[in-house]
Amino acid sequence: MVDLNDPSARRPLDPRAIDAASVFLKDTVIAMGLDADVNVREEGGDTVLELSGPDAKHLVGKKGVTIDALQLLANRVASKTVAGDRASLVVDADGYRAKRERTLSTMAQELGERCVKEGKVILMEPLPPRERRTVHMALARFEGVQTQSEGEGEERRIKIIPMPAP
Amino acid sequence: MVDPFLIVRHLARSLVDKPDAVKVSESSRDGAVVIELRVAPDDLGKVIGRRGQTARALRTVLSAATAVSGQRVLLNIVED
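Here the structure is a predicted model, which means the values were calculated and not measured.

(A) How the structure looks around the sheet that holds strand β5 (residues 145-150) of chain A. All names here are of chain A. The antiparallel open sheet is built from three strands, whose spatial order is β4-β6-β5. Edge strands, defined here as strands with exactly one partner in the open sheet, are β4 (122-123) and β5. Against the sheet, helix α4 (residues 129-140) touches β5 and β6 (157-162), its axis set at about 165° to β5.

(B) Focus on the pairing of strand β2 (residues 46-52) of chain A. Residues and elements named next belong to chain A. In terms of burial, β2 is largely enclosed, as six of its seven residues are buried. As judged from the seven bridges shared by strand β1 (residues 37-43) and β2, these two strands associate in the antiparallel manner. Within β2, the residue paired with Arg-41 across the bridge is Val-48. Count of turn residues in the β1/β2 antiparallel hairpin: two residues, of which Gly-44 carries a positive phi of about 55°.

(C) How the structure looks around the nonpolar core. Judged by nonpolar contacts, the single largest core of 53 residues is most densely connected at Leu-51, Leu-59 and Leu-73 of chain A together with Leu-37 of chain B. Here the element with the most residues in this core is helix α2 (residues 65-81) of chain A; it accounts for eight residues. Residues in contact with Leu-37 of chain B, not counting those within four places in the same chain, are Val-8, Ala-12, Val-22, Lys-23, Val-24, Val-47, Leu-75, Asn-76, Ile-77 and Val-78 of chain B. In this structure, Ala-108, Cys-115, Val-135 and Ile-158 of chain A belong to the second largest nonpolar core, which totals 14 residues.

(D) Expanded view of the pattern of salt bridges. Residue and element names in this part refer to chain A. Tallied over the full model, the rule gives 16 salt bridges over all chains. Glu-131 is the partner of Arg-100 in a salt bridge, and the nearest nitrogen-oxygen pair spans 3.1 Å. Within this pair, whereas Arg-100 is found in helix α3 (residues 96-118), its partner Glu-131 is found in helix α4, the two being separated by 31 residues in sequence. The pair formed by Arg-100 and Glu-131 is uniform in burial state, with each residue classed as buried.

(E) Quick look at the interface of chain B and chain A. On the side of chain A, 18 residues touch chain B, which itself brings 19 residues to the contact. Both faces considered, chain B and chain A share a buried interface measuring about 1700 Å² in area, 68% of it formed by carbon and sulfur atoms. Seen at the junction of chain B and chain A, the total is one salt bridge. Note that Arg-56 of chain B is salt-bridged to Glu-154 of chain A, the shortest N-O span being 2.4 Å. Here chain B is connected to chain A by six residue pairs in polar contact (both at pLDDT 80 or more). Elements with a contribution of two residues or more to the side of chain B that touches chain A: α1 (4-15) and α3 (53-67) of chain B. It is α3 of chain B that contributes the most residues to the side of chain B that touches chain A, nine residues altogether. Per-class residue counts for the side of chain B that touches chain A are 10 nonpolar, five polar and four charged.

The rules behind the values
- Residues numbered from 1 in each chain as written.
- Chains lettered and ligands numbered in written order.
- Predicted model: local features only at pLDDT ≥ 70, side-chain atom pairs only at ≥ 80, totals over all residues.
- Heavy atoms only, no water.
- Pairing = 2+ DSSP bridges.
- Helix = DSSP H or I, 4+ residues; strand = E, 2+ residues; numbered from the N terminus.
- Contact = heavy atoms within 4.5 Å.
- Axes fitted to C-alpha atoms, helices over the stretch in contact; angles between N-to-C directions.
- Buried < 20%, exposed > 50% of the residue type's maximum accessible area, 1.4 Å probe, protein only.
- Core = buried A, V, L, I, M, F, W, Y, C linked by side-chain atoms within 4.5 Å.
- Salt bridge = Lys/Arg side-chain N within 4 Å of Asp/Glu carboxyl O.
- Buried area = accessible area lost by both parts, 1.4 Å probe.
- Polar contact = N/O pair within 3.5 Å; in protein donor to acceptor, adjacent residues only side chain to side chain.
- Nonpolar A, V, L, I, M, F, W, Y, C, P; charged D, E, K, R; others polar.

Here you go:
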């Protein structure tokens, strides 16, 4: 089942919130002693703040931990700027999100095949909401399996369940 | 060499409602830099977050910045 969570993700954000997040990221990069620029773009209904430049790769971190932390903080700053608005900006660096999406889709397909073959439930490692969405989408029309999310907060993970043929 | 003090001060001031109440102090212990962060009582939730999510993000950014130079930095959020 696709959890198209976070309905706020589809609402256009106040430009002031985007500016605040953008300035915050730029200042953070400077404070970190790194060299990268922030560019804002709209992509598939999301506002993406992309860090690019010589040091952008240092802002990703192992499995994206650093870019995810920067994204969380930038969203807190944006939400603070426009009271009552829960911001859901995407922060990216060096095209990491697209690469990660491809990796996750491939992994999901492989796990789907294994699930069908072995007929056993597969529990994935915890993933953030957007990455869970990628996995759900990758397996939405995959014959013979169903996906479900379980657990709370940062422990929320996807269960791939084998479905008997009708 | 990046200054962990400046990073924490910038991050904390960006998150809270009362930036002027942000106080950051730096000391060293067993070869690690220890940063103590104090904010206005109403702002404590802003730097800690639900289930400590925001505090964890602060520590992640801080260690990404200091890892390059091999510094070890600990961040304590102090509630007075």
